[in-house]
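Structural overview for review
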Amino acid sequence: MAVLGKIPVGLNCRPIAEADWEEVMSCLCRGFPQRDRGYWAQALSRQSQMPAVADFPRYGFVLEIEGKVVGVVLTIYVLHQGPEGEHVRCNLSSWYVDVDYRPYASKMIAVLLRQRTVTFINVSPAPDTRKVNEALGFRLFSKGQFAFLPVLNSMRSSYRVLEVKPDLPELAMLPESERRMLLEHAALGCWSLLCVDQEAAYPFVLMSRKSWGGLVPTCQVIYCRDMTELSRCAGALGRFLLRKGMFITLVDAVASVPNLVGRYFDDRGVKYVKGPNPPPLGDLTFTELVLFGP
């Protein structure tokens, strides 16, 4: 067993290469036995199709000892367009290190966190890793989730909800970055939607997911510009979702959301951030939830 303070000979941390996929998947299956090999194969395949961002690693890092993979962290780097210009966001996902080498897990994460201009997010921290996140300098940006029934909101008669397709004329009402994001998420199986009237178009991305034991049809807000637009369009979105058999919608929150009919659940679906450009609530674009699946 590894002893902290005595670095084993041959212990190395390096970026994942495609040649490592089989060992990476084996390691992740050891760490997350509830996920099968097909899940991780799809995750890595979808990462391979994402555009490269500068010279950041495409897949993440492995911790290896004499050529054997004993730890993995997957990374999803994306160039985001924010109010102050472009910035790089990285979703750290699926951290696992074999028990004998767990004292050196911080070595793998420390390599990543040297990138001071990158904003790192963790959208699925395991309960027993939350203190580790905080020790590494991460802070909460979502403390819970708000579950609401959008169909109970009143609907403005002028609003229409349109599913986004490449030839949808109303896409011209949005900036290029949002048009591209909506189309890419539609290709990944999300509902990319526009709520439109004669004056404006409000973009949303929603994703079906399992909640409450999979007994209640539920979807997650993957993208909205802000809670005000979500509240304004909730009634129209609710009628669209009702036709899809969806009744309850979840959105990340820190408290109850004004003008939505629902309930806030504290300490549910918490999410962490470290870096200069934390995402706004309601922005889970290009995260593991979308690429890997819920």
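Up top is the structure.
Anyway, here's the lowdown on the structure attached to this text. (Residues numbered from 1 in each chain as written. Predicted model: local features only at pLDDT ≥ 70, side-chain atom pairs only at ≥ 80, totals over all residues. Heavy atoms only, no water.)

**Examining the nonpolar core**
Membership of the largest hydrophobic core comes to 45 residues, with the highest contact counts inside it found for I16, W40, V72, L74, L182 and L194. Leave out the neighbours within four places in its chain, and L74 touches I16, L28, W40, L44, Q47, Y59, G60, N91, L92, S93, S94 and F292. (Core = buried A, V, L, I, M, F, W, Y, C linked by side-chain atoms within 4.5 Å. Buried < 20%, exposed > 50% of the residue type's maximum accessible area, 1.4 Å probe, protein only. Contact = heavy atoms within 4.5 Å.)

**Re the pattern of salt bridges**
Taken as a whole and judged by the stated rule, the model has 13 salt bridges. A salt bridge links R14 to D20, with the nearest nitrogen and oxygen atoms 2.8 Å apart. Ionic pairing is found between R225 and E178, a salt bridge with its closest N-O pair at 2.7 Å. Residue R225 is located in the loop between β10 (218-224) and α6 (227-243), and its partner E178 is located in helix α5 (residues 176-187); the two are separated by 47 residues in the primary sequence. In this structure R225 comes out as partly exposed when scored by relative accessible area, which is 29%. The exposure class assigned to E178 is buried, which follows from its relative accessible area of 9%. Counted as one network, the salt bridges with shared partners bring together R14, D20 and E64. (Salt bridge = Lys/Arg side-chain N within 4 Å of Asp/Glu carboxyl O. Helix = DSSP H or I, 4+ residues; strand = E, 2+ residues; numbered from the N terminus.)

**A few points about the pairing of strand β2 (residues 60-65)**
Judged by how many residues are buried, β2 sits mostly within the fold: six of six residues are covered. Relative to β2, strand β1 (residues 11-15) is paired through five bridges, and the arrangement is antiparallel. In the sheet register, N12 faces β2, and the bridge partner there is E64. In this structure, β2 lies alongside strand β3 (residues 68-82), joined through six bridges in antiparallel fashion. Residue pairing for β3: E64 is matched across the bridge by V69. The turn joining β2 and β3, which pair antiparallel and follow one another in sequence, is formed by two residues; a positive phi near 50 degrees is taken by E66. (Pairing = 2+ DSSP bridges.)

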